[in-house]
Amino acid sequence: MKGFLLTSEPMWRHTTFLVGGPADLYAVPADEKDLRALFAAAHRNDMEIFILGGGSNLLVADSGFRGLVIDTRHFDDYDVEGKNLILGAGLSVSDAAWRAGTAGLAGLDFLFGMPGTVGGAVWMNARCYDAEIADIIVWVDVMDRDGKISRIPMNREEWAYKRSPFQSTAGGRLTILRAAFAMNSDEPDRLRSAMRKNRDDRVSKGHYKAPCAGSAFKNNRAFGAPSGVLIDRCGLKGFRIGGAAVSSWHGNIFINDGNAAAGDIRRLLKEVGLRVEESTGFRMESEILMVGDWNNE
Ligand SMILES: Cc1cc2nc3c(=O)[nH]c(=O)nc-3n(C[C@H](O)[C@H](O)[C@H](O)COP(=O)(O)OP(=O)(O)OC[C@H]3O[C@@H](n4cnc5c(N)ncnc54)[C@H](O)[C@@H]3O)c2cc1C
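Owing to the predicted nature of the structure, the values given are computational and were not obtained by experimental measurement.

Caption draft 1: Structural context of unusual backbone geometry. Of note, Ser-8 is a non-glycine position whose phi angle comes to about 45 degrees, a positive value. By secondary structure assignment, the location of Ser-8 is in strand 1 (residues 4–10). Of note, the phi angle at Lys-162 is positive, near 60 degrees, even though the residue is not glycine. A residue is classified by how much of its surface remains accessible, and Lys-162, at 10% relative accessible area, is buried.

Spelled out as structure tokens, the structure:
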């Protein structure tokens, strides 16, 4: 293998919450050949696999992950083919948006300032500022667990709010290698200034003030108000369990306030969900993904 492999790698180093225990094995494949070899080895040893992007939407258990975590950072190709921008899954989606905007390519600019990779944004159907990945995605190259690579044309109907086809049982075993996005042309100066405006808006909302994973709960139109507003109305801003807290500046941003365990954050998510349900009757759905071995929590 050209990339590298670590044992007992602490996952807090790889998540924006800065929590999470060790992964038994942590691999950083250099290329598709490495990735294929890792899948084969994991299969031979009957190991669980987790594909990691930027770790910005995850809560990894304090006891860590029993199996192999595969870090996609080296899948970082960047190409333009006609009107399509083709981005490797491991690229920072924000950096890619900036690079494209600087070259006069419009389409991804809404994601400037959002943490995470291209692969993670595709998997999650990331959205903000009235746009989502599903609006611009054209095709995705994937590798299945047998090492076979295929190009899948994307069909808008298989996408929904925070849902991509890769979250389905069949799609869940596919690793995104790269994705093509339909771009338009625009003035680089105009695009850069729009991107800076979005980033400033995130700064003003306190997105980068403390370790977090973005929105804790999905929004649901049927609830009549965003999850953050429901949480605020229940008087839960600033509410804390151990080192985890609902931020004092935004009801839907849960933070690691210095020394949180993953278990604190999980208990906080559960407790806030229960209290909002008791008070409003609405059952909010967590947006943060639980990863690893939660049996002992
Ligand atoms: C400050 C902050 C602000 C945020 N703002 C927003 C926002 O405005 N809108 C929004 O939608 N989200 C937001 N988020 C959440 C998060 O940034 C996004 O969901 C992001 O798209 C996750 O990407 P990631 O690379 O970090 O994925 P990870 O958290 O590493 O993984 C998320 C999921 O994607 C899967 N995955 C990742 N890469 C691949 C791949 N190559 N192949 C297959 N599966 C893969 C993982 O297995 C996992 O299931 C925010 C987070 C933070 C910390």
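We are not done yet, so read on.
Caption draft 2: Here's a closer look at the side chain of Asp-31. In this fold, Asp-31 is placed in the loop between strand 2 (22–28) and helix 1 (32–44). Given a relative accessible area of 19%, Asp-31 falls into the buried group. One polar contact links Asp-31 to Lys-2, side chain to side chain, over a distance of 2.8 Å. Polar contacts involving the side chain of Asp-31 include one to the main-chain amide nitrogen of Asp-34, which spans 2.9 Å.

Caption draft 3: Examining the site of the ligand more closely. Around the ligand sit 34 residues in total, of which Ile-51, Gly-54, Ser-56, Thr-117 and Arg-127 are the nearest. Gly-53 places a polar main-chain atom, nitrogen or oxygen, 2.9 Å from an oxygen atom of the ligand. In this structure, an oxygen atom belonging to the ligand sits 2.8 Å away from a main-chain N or O atom of Gly-55. Taken together, the elements giving at least two residues each to the shell around the ligand come down to strand 3 (49–52), helix 3 (118–124), strand 9 (127–128), strand 13 (175–182) and strand 15 (212–215). Counting residues per element, the shell around the ligand draws most heavily on helix 3, which supplies five residues. A breakdown of the residues in the shell around the ligand according to their chemical character gives 17 nonpolar, 14 polar and three charged.

Caption draft 4: Structural detail: helix 1. The end-to-end C-alpha distance of helix 1, which contains 13 residues, comes to 18 Å, matching closely the 18 Å that a straight helix rising 1.5 Å per residue would cover. When helix 1 is considered as a whole, its buried residues turn out to be Asp-34, Leu-35, Leu-38, Phe-39 and Ala-42. Within helix 1, the buried residues cover an arc of 140 degrees as seen down the axis, which keeps them to one side. Projecting away from the buried face of helix 1 at angles above 90 degrees are the exposed residues Lys-33, His-43 and Arg-44. Residues of helix 1 that are buried make contact with strand 2, strand 3, strand 5 (65–71), strand 11 (137–143) and strand 13. Two or three places before Lys-33, at the start of helix 1, stands the capping residue Asp-31, its side-chain oxygen 3.3 Å from that residue's backbone nitrogen. One or two positions beyond helix 1, positive phi appears at Asp-46, with a value near 55 degrees.

Caption draft 5: Structural detail: the sheet that holds strand 15. Taken together, the four strands give an open sheet; going across it, the order is 15-18-17-16, and neighbouring strands pair in antiparallel fashion. Of all the strands in the sheet, the pair left with one neighbour each is strand 15 and strand 16 (240–241). Two strands pair when backbone bridges link them, and strand 17 (residues 244–246) and strand 18 (residues 253–256) are joined in this way by three bridges, in the antiparallel orientation. Bridging across to strand 18, Ala-245 finds its partner in Ile-255. Against the sheet, helix 6 (residues 262–280) touches strand 16, strand 17 and strand 18, its axis set at about 35 degrees to strand 17.

Caption draft 6: Up close: the side chain of Asn-256. Summarising the element assignment, Asn-256 is placed in strand 18. Within polar-contact distance, the side chain of Asn-256 engages the backbone nitrogen of Asn-259 at 3.5 Å.

Caption draft 7: Local environment of the packing of aromatic side chains. If you walk through the whole model with that rule in mind, you get five aromatic pairs. Both rings, one in Trp-98 and one in Phe-112, keep their centres 5.0 Å apart while their planes meet at 35 degrees; by these two values the pair is tilted. Separated by 14 residues along the polypeptide, Trp-98 in helix 2 (residues 93–102) and Phe-112 in the loop between strand 8 (105–106) and helix 3 bring together distant segments of the chain. In this structure Phe-112 comes out as buried when scored by relative accessible area, which is 9%. Looking at Arg-99, its charged tip hangs above the ring of Tyr-78, at a distance of 3.6 Å from the centre. Its guanidinium or amino end placed over the ring of Trp-249, Lys-209 lies 4.3 Å from that ring's centre, counting from NZ or CZ.

Rules of the game
Residues numbered from 1 in each chain as written. Predicted model: local features only at pLDDT ≥ 70, side-chain atom pairs only at ≥ 80, totals over all residues. Heavy atoms only, no water. Helix = DSSP H or I, 4+ residues; strand = E, 2+ residues; numbered from the N terminus. Buried < 20%, exposed > 50% of the residue type's maximum accessible area, 1.4 Å probe, protein only. Polar contact = N/O pair within 3.5 Å; in protein donor to acceptor, adjacent residues only side chain to side chain. Near = heavy atom within 4 Å. Nonpolar A, V, L, I, M, F, W, Y, C, P; charged D, E, K, R; others polar. Expected span 1.5 Å × (residues − 1). Arc of directions from axis to C-beta. Contact = heavy atoms within 4.5 Å. Pairing = 2+ DSSP bridges. Axes fitted to C-alpha atoms, helices over the stretch in contact; angles between N-to-C directions. Phe/Tyr/Trp six-rings, centres within 6.5 Å; stacked < 30°, edge-to-face > 60°. Lys NZ or Arg CZ within 6 Å of the ring centre and 35° of its normal.

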